[in-house]
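Examination of the molecular architecture
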Amino acid sequence: MQETNTDTRKFSKPKKSCLEKLEAQLSDWDAELDHIKANTKTLRADARAELDNQIAGLQKKRSKVASRLQDIRDGDEHAWEDLKTGAEKAWNELVKTTESLASRCR
């Protein structure tokens with residue numbers, strides 16, 4: 001079975017492996033967000049304003065995920081277990097928003 005972006009099994013892996021995978025995914029999303037931003041320049045002003053608002057929301061969620069990942073990176077293995085739930089929730093919110101925004105811009 002292929003692993004999807006929303007597949008939280010990546011949180012069940014060892015801490016180091018999980019962090020590497022999540023950080024790579026964040027980098028991929030950063031590139032996709034840059035692509036989306038570039039495409040907004042060709043939209044009508046009203047559509048661009050709406051999309052810019054959604055991009056701002058996505059960037060806030062991305063920052064929240066990055067902050068959670070930093071907390072995990074800085075914590076010990078016990079903290080990793082405690083932080084996984086919050087990280088999974090933030091991750092799923094980011095995935096959902098990114099996929100929704102990307103689908104509107106294709």
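Up top is the structure these notes are about.
Residues numbered from 1 in each chain as written. Predicted model: local features only at pLDDT ≥ 70, side-chain atom pairs only at ≥ 80, totals over all residues. Heavy atoms only, no water.

1. Describing the overall build of the protein
The helix and strand inventory of the protein stands at three helices and zero strands. Order of helices (α) and strands (β) in the protein, N terminus to C terminus: α-α-α. Of all intrachain contacts in the protein linking residues separated by at least 6 positions in sequence, the fraction that spans at least 24 positions is 69%. For the protein, the accessible area works out to roughly 6,600 Å², and carbon and sulfur atoms hold 49% of it. (Helix = DSSP H or I, 4+ residues; strand = E, 2+ residues; numbered from the N terminus. Contact = heavy atoms within 4.5 Å. Areas by Shrake-Rupley, 256 points an atom, 1.4 Å probe, with all protein chains shown as cover.)

2. As for helix H1 (residues 15-40)
Two residues of an α-helix separated by three or four positions point the same way, owing to the 3.6 residues in each turn. A rise of 1.5 Å per residue sets the reference length of H1, with its 26 residues, at 38 Å; its end C-alpha atoms lie 37 Å apart and thus fit the reference within 8%. Every buried residue of H1 is accounted for by Lys-15, Cys-18, Leu-19, Leu-22, Gln-25, Leu-26, Trp-29, Leu-33, Ile-36 and Thr-40. (Expected span 1.5 Å × (residues − 1). Buried < 20%, exposed > 50% of the residue type's maximum accessible area, 1.4 Å probe, protein only.)

3. Observations regarding the environment of Asp-74
As for its position among the elements, Asp-74 is in helix H2 (residues 45-74). Relative accessible area serves as the criterion here: at 58%, Asp-74 is assigned to the exposed category. Separated by 2.8 Å, the side chains of Asp-74 and Gln-70 make a polar contact. (Polar contact = N/O pair within 3.5 Å; in protein donor to acceptor, adjacent residues only side chain to side chain.)

4. Observations regarding the environment of Trp-91
Its place among the elements puts Trp-91 in helix H3 (residues 77-104). Separated by 22 residues in the primary sequence, Trp-91 and Leu-69 place their C-alpha atoms 9.8 Å from one another.

5. Considerations on H2
Helix length check: H2, at 30 residues, gives a terminal C-alpha distance of 43 Å against a target of 44 Å (1.5 Å per residue), a fit within 8%. Here H2 has its buried residues at Leu-51, Ile-55, Leu-58, Val-65, Leu-69 and Ile-72.

6. So, the nonpolar core
Nonpolar side chains tend toward joint burial in soluble globular proteins. Leu-26, Val-65, Trp-91 and Leu-101 are the most contacted members of the largest nonpolar core, which totals 21 residues. For this core, the secondary-structure elements that each account for two or more residues are H1, H2 and H3. Here this core gets eight residues from one element, more than from any other, and that element is H3. With residues near it in sequence (within four places) discarded, Val-65 still touches Leu-26, Ala-90, Trp-91 and Leu-94. (Core = buried A, V, L, I, M, F, W, Y, C linked by side-chain atoms within 4.5 Å.)

The values reported here are purely geometric and, on their own, carry no functional implication.
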